[in-house]
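A look at the structure
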Amino acid sequence: MTMDYFAGVDVGSLSTDAVILNEKGEIAGYSILETGANSTDAAQEALETALTRAGLNRSLLKRIVATGYGRVSVPFADKRVTEISCHSLGAHNLFPDTGMVIDIGGQDSKVIKVGPGGKVIDFTMNDKCAAGTGRFLEVMAGKLQVPLDRMGGLSLETAGEVRISSVCTVFAESEVVSLVARNHPKEEILRGLHRAIVNRVWSMVSTLGIRLEVTMSGGVAKNKGVVAFMEEKLGRPIHVYREPQIIGALGAALHARKG
């Protein structure tokens, strides 16, 4: 008997992610690709890549759900669901005790209060600018000439810290250039940048009220420095999945499985 499979495609501003689930709810394959200039092409490629990694043919997919800001650009989707709902459901699936999701993506940040079954109780988000997001970190990594995947680790190698007064990408970039010119250690600047991101997101967390168990999703959850400073602020460990960037796509695939 042939097994049914379900797909979730999350089209974000910087990356497009796809997850394939089998009928038991197990991840059969996934992909993370740059969105680039064409959301439809990115969604198509992400899905095909995830299917290839799962060793599956597209004809075996029973249902496809699209999410993310570019979900309307996925013509082959059977249904479209908001990223708020998908991140909530995806986080709950991985960590059933999740009470709050902090998602820091490419160009926005979201804090979601999660209820029983992964249902959304409330949420707040910043989607007006890229302050304190993945794009913000990309720009700062370029200015400091530090690989993006090393920023978090380097910021934890020093106890010293430089205060960054703004997480506006333009103003922070100017501050960083000035600090580098004054020979401040990169590690201390990075620590200050990560602290500024956490402080910005913390105001969103406080708006909803702190929930006991917190899960972080999105690409910035791969940054050990941001996670460590957020844990310090919360006073407790944070759940971070081994690939936090696919949680939205996972939630979409779970919606597809539910029908």
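It should be emphasised that the depicted structure is a prediction, and the values quoted were computed from it without experimental measurement.

Criteria and thresholds
Position numbers for residues count from 1 along each chain, tracking the sequence in the order it is written. Confidence filtering applies because this is a predicted model: local features only for residues at pLDDT of at least 70, side-chain atom pairs given and counted only at 80 or more, and all residues used for totals across whole chains, interfaces and linings. Only hydrogens and water are set aside; all other atoms, that is, all heavy atoms of the structure, feed into the side-chain values. Strand pairing requires that DSSP identify at least two bridges connecting the strands. By the criteria applied, helices consist of DSSP H or I runs no shorter than four residues and strands consist of E runs no shorter than two, each listed in order from the N terminus. Here, two residues are considered to be in contact whenever any of their heavy atoms come within 4.5 Å of each other. To get an axis, a line is fitted to the C-alpha atoms, and for a helix only the part in contact is used. The angle between two axes follows their N-to-C directions and goes from 0 to 180 degrees. Grid spacing is 1 Å over the protein atoms alone, the probe is 1.4 Å, and a cavity is where that probe fits but cannot get out, while a pocket is an open set with protein on both sides within 12 Å along at least five of seven lines and lining residues have an atom within 4 Å of a point. Grid points are joined across faces, edges and corners, and a volume is the space filled by probe spheres set on the points. Three residue categories are used. Nonpolar comprises Ala, Val, Leu, Ile, Met, Phe, Trp, Tyr, Cys and Pro, charged comprises Asp, Glu, Lys and Arg, and polar comprises the others, including Gly. Note on terminology: a nonpolar core comprises buried Ala, Val, Leu, Ile, Met, Phe, Trp, Tyr and Cys residues joined through side-chain atoms within 4.5 Å. Each residue is assigned to one of three classes by its accessible area relative to the maximum for its type, calculated with a 1.4 Å probe on protein chains only: buried under 20%, partly exposed between the two thresholds, exposed over 50%. Pairing of aromatic rings covers Phe, Tyr and Trp, the last counted by its six-membered ring, and requires centre-to-centre distances within 6.5 Å; plane angles under 30 degrees mean stacked, over 60 mean edge-to-face, and any other angle means tilted. Definition used: whenever NZ (Lys) or CZ (Arg) falls within 6 Å of the ring centre and also within 35 degrees of the ring normal, the charge is taken to sit over that ring.

With that settled, consider the sheet that holds strand E7 (residues 109-114). With mixed pairing, 5 strands are arranged side by side in an open sheet as E8-E7-E6-E9-E10. Of all strands in the sheet, those bounded by a partner on one side alone are strand E8 (120-126) and strand E10 (239-240). With 5 bridges connecting them, strand E6 (residues 100-104) and E7 associate as antiparallel partners. If you follow Ile102 over to E7, its bridge partner there is Val111. Contacting E6, E7 and E8, helix H6 (residues 186-208) crosses the sheet at an angle of about 35° to E7. Here helix H7 (residues 224-234) sits on the sheet and contacts E6, strand E9 (214-217) and E10; the angle it forms with E9, its principal contact strand, is near 160°.

Turning our eyes to something else, we now look at the layout of surface pockets. Size it by volume and the largest pocket reaches roughly 850 Å³. Along the walls of the largest pocket sit 37 residues, with Gly105, Gly106, Gly219, Val220 and Gln245 positioned nearest its centre. Contributions of two or more residues to the lining of the largest pocket are made by strand E1 (5-11), strand E2 (15-22), strand E3 (27-34), helix H2 (83-94), E6, helix H3 (134-144) and helix H4 (151-155). Among the elements that line the lining of the largest pocket, the one with the most residues is H3, at 3 residues. Here the lining of the largest pocket is built from residues that sort into 9 nonpolar, 15 polar and 13 charged.

Now for the nonpolar core. Of all hydrophobic cores here, the largest spans 41 residues; its most connected members are Ile102 and Leu193. Listed by contribution, the elements that provide at least two residues to this core are E6, H3, H4, helix H5 (169-181), H6, E9 and H7. The dominant element in this core, judged by the number of residues it contributes, is H6, at 11 residues. Each residue touching Ile102, except ones within four places of it in the same chain, is listed here: Lys110, Val111, Val201, Val205, Val214, Thr215, Met216, Ser217 and Met230. Core analysis: the second largest hydrophobic core is formed by 19 residues, Ala7, Val9, Leu33 and Leu51 among them.

As a further point, take the packing of aromatic side chains. The full count for this structure, using the stated rule, is 0 aromatic pairs. Sitting over the face of the ring of Phe76, Arg58 holds its NZ or CZ atom 4.6 Å from the ring centroid. Here the basic side chain of Arg195 rests over the ring of Phe229, its NZ or CZ set 4.4 Å away from the ring centre.

Phi is positive for Gln145, which is not a glycine, with a value near 55°. Residue placement: Gln145 occurs in the loop between H3 and H4. Positive phi values are uncommon outside glycine, yet Asn183 reaches one of about 65°. Locating Asn183 in the fold gives a position in the loop between H5 and H6. Classification of Asn183 as exposed rests on a relative accessible area of 68%.

Let us now look at the environment of Leu51. Along the chain, Leu51 falls in helix H1 (residues 39-54). What makes Leu51 buried here is its relative accessible area of 2%. Put simply, Leu51 and Gly29 are 22 residues apart on the chain and 6.6 Å apart in space, counted from C-alpha to C-alpha. Among all residues touching Leu51, those that are not within four sequence positions of it are Ile20, Leu56, Asn57, Arg58 and Leu61.

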